Amino acid sequence: MKFNDRRWLVCVVLLIVIQIAASPASYKTVFNETKFQLESILQVLAVDADTDQQKEILVTGKNYVDRELFIYCLDFKPGFTPVVKWRSDNLFEERSIIWTALGNFGQGGQQLLVLTTKWIYLYRVTPENLQLIQQIGNETEPLAVAVADMDGDGFSELLTAKVGAVTAKAYNCVLEIWKFQDNKFNKVHQSDLLGNIRSLTAGDLDNDGITEIVAEEGLRLDTGNIHVYNFKEDRLVEKTQFKLANNGAVYAMKIREFPDGKRLLTGSTKGKINQLGLSDGQVFTGLPELSLKSSIVDIEAADLNDDGKPELITASYPSKLTILSP
């Protein structure tokens, strides 16, 4: 080999090394408990319960045998070991699922919204436990839940996916928007049929001052379509849609802030985790796809060790809690 050829080869190798070094660091598993506390974990949600600028994690789950439906507040020791800070009262109902979301519904600061089949609870999250603000009947019949300020008045609306029509193959859902007024939730909008919605989230994903609503829909456990909507002039306007190749059904989806901007987090039944961005109406891949050997039912991002880099927290069926650190 000539000298010039050898120098060219060295340059190529150096270029590859530089590209690898410059690529985003992969996540490593720092906690992985396959039988965590409850028989079934349903949701994970980050909250600053004691207002110390350090996030705790609310884990919602169900014990079918013992007829228990609880929310756990987890604090974290060095090394990401979770410690149960408190456990809520038993919210069990027959054949009931449970949904949780954080928002400002005009009750003074941030509240935790908890929906069961029969009830909607508004709580204030304290260092000691949940403090009940209001309990009202639930008329929303949701299959998926999200919370966002849709009209720019500084207060949150409740977004729900609900069965609108049933065919031989699938449910067809409508998206409903509910506003908290006069001590109850009033429906202010209902969309056209949007398909079999399996997950729902909302937030200003591209930082243009307009809230995006993101819904995933599909059949059975097959890979589905993810739709990004704006709500304009009292109707949903589709901004874009896309499909994550061979990803399975996406039941876990949240929009969260990272040091480099907003990301759409998705977790699928095939254990795939994607972190996506949105710019000029186009979806782009923020980081390489991660893969867990479990069916993900919820996902969250929070900086648990105060290093400025959010960890990813996943709940997987039936009772697996995993923490991934960058």
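Criteria and thresholds
Residues numbered from 1 in each chain as written. Predicted model: local features only at pLDDT ≥ 70, side-chain atom pairs only at ≥ 80, totals over all residues. Heavy atoms only, no water. Buried < 20%, exposed > 50% of the residue type's maximum accessible area, 1.4 Å probe, protein only. Helix = DSSP H or I, 4+ residues; strand = E, 2+ residues; numbered from the N terminus. Pairing = 2+ DSSP bridges. Lys, Arg positive; Asp, Glu negative; His and termini not counted. Salt bridge = Lys/Arg side-chain N within 4 Å of Asp/Glu carboxyl O. Contact = heavy atoms within 4.5 Å. Phe/Tyr/Trp six-rings, centres within 6.5 Å; stacked < 30°, edge-to-face > 60°. Polar contact = N/O pair within 3.5 Å; in protein donor to acceptor, adjacent residues only side chain to side chain. Patch = residues over 30% accessible without salt bridge, like charges linked within 9 Å, V, L, I, M, F, W, Y side chains within 5 Å. Areas by Shrake-Rupley, 256 points an atom, 1.4 Å probe, with all protein chains shown as cover. Axes fitted to C-alpha atoms, helices over the stretch in contact; angles between N-to-C directions. pLDDT = per-residue confidence, 0-100.

K.L.:
Got a sec to walk through the pairing of strand β12 (residues 171-181)? Specific residues and values, please.
P.N.:
Strand residues, when the strand is regular, have side chains that alternate between the two faces of the sheet. Of all 11 residues in β12, eight are buried, a share of seventy percent or more. Across nine bridges, the pairing between strand β11 (residues 157-166) and β12 is antiparallel. Each residue of the ladder has a partner; that of Thr160, found in β12, is Glu176. Connecting β11 to the next strand, β12, in antiparallel fashion are four residues.

K.L.:
Got a sec to walk through the side chain of Asp303? Specific residues and values, please.
P.N.:
Here Asp303 is to be found in the loop between β23 (296-302) and β24 (311-316). Of the side chains bearing the opposite charge, Lys309 lies closest to the buried Asp303, which forms no salt bridge; the N-O distance is 9.6 Å. With sequence-adjacent residues up to four places away left out, Asp303 is seen in contact with Gln54, Gly308, Lys309, Pro310 and Glu311.

K.L.:
Run through the packing of aromatic side chains, naming residues and quoting values.
P.N.:
Evaluated as defined, the whole model comprises five aromatic pairs. With a centroid separation of 6.3 Å and 90 degrees between ring planes, the pair formed by Phe31 and Phe36 is classed as edge-to-face. The interplanar angle of 55 degrees and the centroid separation of 5.0 Å between the aromatic rings of Phe180 and Phe185 together place this pair among those described as tilted. Three or more aromatic residues link up through ring pairs in this structure, and these residues are Phe105, Phe180 and Phe185.

K.L.:
Now, about the pattern of salt bridges: what can you tell me, with residues and values included?
P.N.:
Per the counting criterion, the structure on display carries 16 salt bridges. We note a salt bridge from Glu212 to Lys239, for which the minimum N-O separation is 3.0 Å. With a gap of 27 residues between them, Glu212 in strand β15 (residues 212-217) and Lys239 in strand β17 (residues 235-242) connect regions that are remote in the sequence. Assessed through its relative accessible area of 26%, Lys239 is described here as partly exposed. In this structure, the salt-bridge partner of Arg263 is Asp260, at a minimum N-O distance of 3.2 Å. By relative accessible area, which is 60% here, Asp260 ends up exposed. Via salt bridges that share partners, Glu141, Lys162, Glu176 and Lys187 belong to a single interconnected network.

K.L.:
So what's going on with the environment of Ala215? Which residues, and what values?
P.N.:
Position of Ala215 relative to the elements: it lies in strand β15. Ala215 sits in the buried class, given a relative accessible area of 4%. Separated by 83 residues in sequence, Ala215 and Leu132 have C-alpha atoms that sit 30 Å apart.

K.L.:
I'd like a description of the environment of Asn274, backed by residues and values.
P.N.:
Among the structural elements, Asn274 can be located in strand β20 (residues 272-279). In this structure Asn274 comes out as buried when scored by relative accessible area, which is 6%. Taking the C-alpha atoms as reference, Asn274 lies 33 Å from Asn138; in sequence the two are 136 residues apart. When near neighbours in sequence (up to four residues on either side) are disregarded, Asn274 contacts Leu244, Asn247, Leu264, Leu265, Thr266 and Glu289. Among the polar contacts listed, one links the side chain of Asn274 to the side chain of Glu289, at a separation of 3.1 Å.

K.L.:
Got a sec to walk through a nonpolar patch on the surface? Specific residues and values, please.
P.N.:
On the surface, a nonpolar cluster with roughly 340 Å² of combined accessible area is contributed by Leu143, Val163, Val166 and Tyr171. On the secondary structure map, Tyr171 appears in strand β12.

K.L.:
Any chance you could break down the sheet that holds strand β2 (residues 40-47) for me, citing the residues and the numbers?
P.N.:
Strand order in the open sheet formed by four strands is β2-β3-β4-β5, and the pairing between neighbours is antiparallel. Looking along the sheet, the strands with just one partner apiece sit at the ends: β2 and β5 (81-87). Adjacent strand axes in the sheet meet at a mean angle of 30 degrees, parallel and antiparallel pairs treated alike. Relative to strand β3 (residues 56-63), β2 runs antiparallel, the two sharing seven bridges. Its bridge partner lying in β3, Val47 is registered against Glu56.

K.L.:
Provide a residue-level description of the confidence of the model for the protein, including the pertinent values.
P.N.:
The pLDDT averaged across the protein works out to 89; a share of 92% of its residues lies at or above 70. Long-range and interchain partners of residues 1-24, a stretch whose pLDDT sits below 50, account for four contacts in this model, where long-range means more than four residues apart.

K.L.:
Describe in detail the pairing of strand β7 (residues 111-115), supporting the description with residues and values.
P.N.:
In terms of burial, β7 is a largely internal element, five of the five residues being buried. In terms of strand pairing, strand β6 (residues 99-103) meets β7 through five bridges, oriented antiparallel. Bridge pairing in β7 places Gly103 opposite Gln111. In this structure, the hairpin formed by β7 and strand β8 (residues 119-125) is closed by a connection of three residues.

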